[in-house]
Amino acid sequence: MDRLANTVRPYAWGSVTAIPALLGTEPTGEPQAELWMGAHPGAPSRVDRGAGPVGLNEVIAADPETELGPEAVRRFGDRLPFLLKVLAAQVPLSLQVHPDLEQARAGFADEERRGVPIDAPHRNYKDANHKPELICALTPFDGLCGFRSPAEAADLLAALDVDSLKPYVDILRAMPDTDALREVLTAVLSADREAMAATVTEATEAATRLAAAGGPHADAYAAYAAVARDFPGDPGVIAGMLLNHVRLQPGEGLYLGAGVPHAYLSGLGVELMANSDNVLRCGLTPKHVDVPELLRVVRFESAPPGVLRPEADPDGAEVYATPIDEFRLSRHVLPADAAPRPLPTGAPQLLLCTAGRITLRGQGPTAPGAATELRLTQGESAYVPAPEAVELTGEGTLYRATLAL
């Protein structure tokens, strides 16, 4: 197994203090948004097997079948198919959706054929993979996830009593659900920007009043008003009012599949995703918004946000059930008197300690130069190749990312 040296991404929406507090380091005064663990070429973790630090992507590329296991290579190719992160949001992330696998492959091939540079700001598809993702809260965590029912969205907008929103309310109440959501989102994103900015300003003032007054939607109105203060005049504020507002408590999670519009608003969480950079934005961003392509990818289906709570398995882990094979997230909470807990082998693993101290002890073959025992404290992480058997001891909490083989 290998201790990981990881990169912190300083995106502008990140918290100044949350990741330093997890890592036990001093804040730099700058936002620290994401701690990346894995083999993504944009910021691979580094390991040292005796010859100096090297990217985990290079280690895997040198011997993918040994590192990942033959079954993983057969199904997902010769790279680690998932990326583990700690995400710390102080300002909302962009309102966005991700394509499914077929859409990603077609979109990537089309932009390659048209010669769109991979780093062009208007490029939609950075790779040919889909990007399902799972967020698990370490602190109270606010987000927007999936469409509300049109009837509920109509009631929420109507209560704002903003004249320019009334046509949207009428559409949401009169048309079939899927058609209503499509029609209103299209209208919001296609509206005159100056007129929409005035609508957002008026809606923000009303949402602030309604949040203070209490009632069943007070938390949602407060969240939308806060978003608007960070993104004044942005159409994404009104688009976001079509979505469910959700507040996760520590240990709860959300799974975001293809086509589901979402935005993370605030909080610290563990995020696990397929290894892709494909994002289509709806708003809350100065970046490119490709409305026609976005509308082609969005799934106009209303549903509750579907908060995930981990379920215990026979091995003592708490598993977050998701409907895909590229990743599987589980949580191990070890009390002080816990017996050693073995981890299954046969697939690569990323292990992150979020509290206490956890010792990893090798129980079988290990890579040349890799450690046979590692002690992880809060914020530290490790990589375990597919064939290596490891058991956990100590007292603390550890998140395990692997494949669902």
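Above this note sits the structure.
These numbers were taken from a predicted model, which means no experiment stands behind them.

Colleague: Give me the overall build of the protein: which residues, what numbers.
Modeller: Across its full length, the protein holds 12 helices and 21 strands. The C-alpha atoms of the protein give 22 Å as radius of gyration, which agrees with the globular expectation for 405 residues (22 Å, within 12%). Judged by the C-alpha coordinates and their principal axes, the protein covers about 70 × 50 × 40 Å. Expressed as a percentage of the 405 residues in the protein, the buried residues total 54%. Relative to all contacts within the protein whose residues are 6 or more apart in sequence, the contacts with residues 24 or more apart total 76%. Of the roughly 16,600 Å² of accessible surface on the protein, a fraction of 52% belongs to carbon and sulfur atoms. Where the 34 positive side-chain charges of the protein centre and where its 53 negative ones centre are 1 Å apart.

Colleague: How would you sum up the pattern of salt bridges? Please name residues and give values.
Modeller: Scanning the model with the defined rule gives 23 salt bridges in all. In this structure, Glu34 engages Lys85 in a salt bridge whose closest nitrogen and oxygen atoms are separated by 3.1 Å. Here Glu34 is found in strand β3 (residues 34-37), whereas its partner Lys85 is found in strand β6 (residues 82-89), with 51 residues between them in sequence. With respect to class, Glu34 is no different from Lys85; both count as buried.

Colleague: Give me the lowdown on the state of the cysteines, citing residues and values where you can.
Modeller: What the rule picks out here adds up to zero disulfides. Summary of cysteine pairing: Cys145 is not part of a disulfide, and the nearest cysteine sulfur, belonging to Cys282, is at 13 Å.

Colleague: Describe the nonpolar core, listing the residues and the values that go with them.
Modeller: With 51 residues, the main nonpolar core has Leu157, Leu160, Leu172 and Met241 as its most contacted residues. Considering each element in turn, this core owes the most residues, seven residues, to helix α10 (residues 218-230). Ignoring anything within four residues of it in the chain, the contact list for Leu157 reads Leu165, Tyr168, Val169, Leu172, Met241 and Leu242. Core analysis: the second largest hydrophobic core is formed by 37 residues, Ala39, Val270, Ile324 and Phe327 among them.

Colleague: Give me the pairing of strand β18 (residues 349-362): which residues, what numbers.
Modeller: As paired strands, β18 and strand β20 (residues 381-384) are joined by four bridges and run antiparallel to one another. Note on β20: the bridge partner recorded for Gln349 is Val384. Taken together, the 12 bridges between β18 and strand β21 (residues 390-402) define a ladder with antiparallel strand orientation. Of the residues in β21, the one forming a bridge with Leu350 is Ala401.

Colleague: Describe the packing of helix α6 (residues 150-160) against helix α7 (residues 166-174), listing the residues and the values that go with them.
Modeller: Packing of α6 against α7 leaves a shortest axis separation of 8 Å and a crossing angle of 155 degrees. As the angle between them shows, α6 and α7 are arranged roughly antiparallel. Like other packed secondary-structure pairs, α6 and α7 cross with a definite hand, here left-handed. In this structure, α6 contributes Pro150, Ala153, Ala154, Asp155, Leu157 and Ala158 to the contact, and α7 contributes Tyr168, Val169, Leu172 and Arg173.

Definitions and cut-offs
Residues numbered from 1 in each chain as written. Predicted model: local features only at pLDDT ≥ 70, side-chain atom pairs only at ≥ 80, totals over all residues. Heavy atoms only, no water. Helix = DSSP H or I, 4+ residues; strand = E, 2+ residues; numbered from the N terminus. Rg over C-alpha atoms; globule rule 2.2 N^0.38 Å. Buried < 20%, exposed > 50% of the residue type's maximum accessible area, 1.4 Å probe, protein only. Contact = heavy atoms within 4.5 Å. Areas by Shrake-Rupley, 256 points an atom, 1.4 Å probe, with all protein chains shown as cover. Lys, Arg positive; Asp, Glu negative; His and termini not counted. Charge placed at Lys NZ, Arg CZ, Asp CG, Glu CD. Salt bridge = Lys/Arg side-chain N within 4 Å of Asp/Glu carboxyl O. Disulfide = S-S within 2.5 Å. Core = buried A, V, L, I, M, F, W, Y, C linked by side-chain atoms within 4.5 Å. Pairing = 2+ DSSP bridges. Axes fitted to C-alpha atoms, helices over the stretch in contact; angles between N-to-C directions. Parallel < 35°, antiparallel > 145°, perpendicular 65-115°, else oblique. Left-handed = near helix turned anticlockwise from the far one by under 90°.

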